[in-house]
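Architecture at a glance
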Amino acid sequence: QVQLVESGGGLVQAGGSLRLSCVASGRIINTYAMGWFRQAPGKEREVVAAITWSGSGTYYGDSVKGRFTISRDNAKNTVYLQMNSLKPEDTAVYYCAADSWRGAVLRSPHQYDYWGQGTQVFVSS
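Described in the following lines is the structure provided in the data block. (Residues numbered from 1 in each chain as written. Predicted model: local features only at pLDDT ≥ 70, side-chain atom pairs only at ≥ 80, totals over all residues. Heavy atoms only, no water.)

Another aspect to go through is the pattern of salt bridges. In the structure shown here, the tally under the stated rule is 4 salt bridges. Across the pair E46 and R38 runs a salt bridge, and its minimum N-O distance is 2.7 Å. Owing to a relative accessible area of 5%, R38 belongs among the buried residues under this scheme. Close ionic contact of D90 with R38 constitutes a salt bridge, the shortest N to O distance being 2.9 Å. (Salt bridge = Lys/Arg side-chain N within 4 Å of Asp/Glu carboxyl O. Buried < 20%, exposed > 50% of the residue type's maximum accessible area, 1.4 Å probe, protein only.)

Turning our attention to the environment of Y59. Inspection of the secondary structure puts Y59 in strand β6 (residues 58-60). Taking the C-alpha atoms as reference points, Y59 and L106, 47 residues apart in sequence, are found 8.3 Å from one another. For Y59, the residues in contact, after removing those within four places along its chain, are V47, V48, A49, A50, V105 and R107. (Helix = DSSP H or I, 4+ residues; strand = E, 2+ residues; numbered from the N terminus. Contact = heavy atoms within 4.5 Å.)

The next point concerns the state of the cysteines. The full count for this structure, using the stated rule, is 1 disulfide. A sulfur-sulfur separation of 2.0 Å characterises the disulfide bridge that pairs C22 with C96. Taking the torsion about the sulfur-sulfur bond, which here is approximately -75 degrees, the covalent link between C22 and C96 counts as left-handed. With C22 in strand β3 (residues 18-25) and C96 in strand β9 (residues 92-99), this residue pair connects regions lying 74 residues apart in the sequence. The class of C22 is buried, set by a relative accessible area of 0%. Accessibility expressed as a relative area gives 0% for C96, which makes it buried. (Disulfide = S-S within 2.5 Å.)

As structure tokens, this is what we get:
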């Protein structure tokens, strides 16, 4: 089992930045694919960014390309999401996800087995 705990959410003005962290426990995640997803009220959960187990492959949702960066520090069992140039439409609960898949980057929430509880991000205009 993998337990994931997100942190770093909060309230920020449009144009600002936040860095989300996802700390894993229970297993060493250096062989796990990781992803960040978000869900706004009344909307489906959507992929924000994802990274392969090796870190060699990444994927970004169209709405965050060029603004967000996913990275991983396997020594700390942690995955990060750096969010810059935030917009009000980025407001959502952000979730970290993990899966033991060691192939191509995973883009769909249905492909992940483990989830954190989420951290709320509010971006004011």
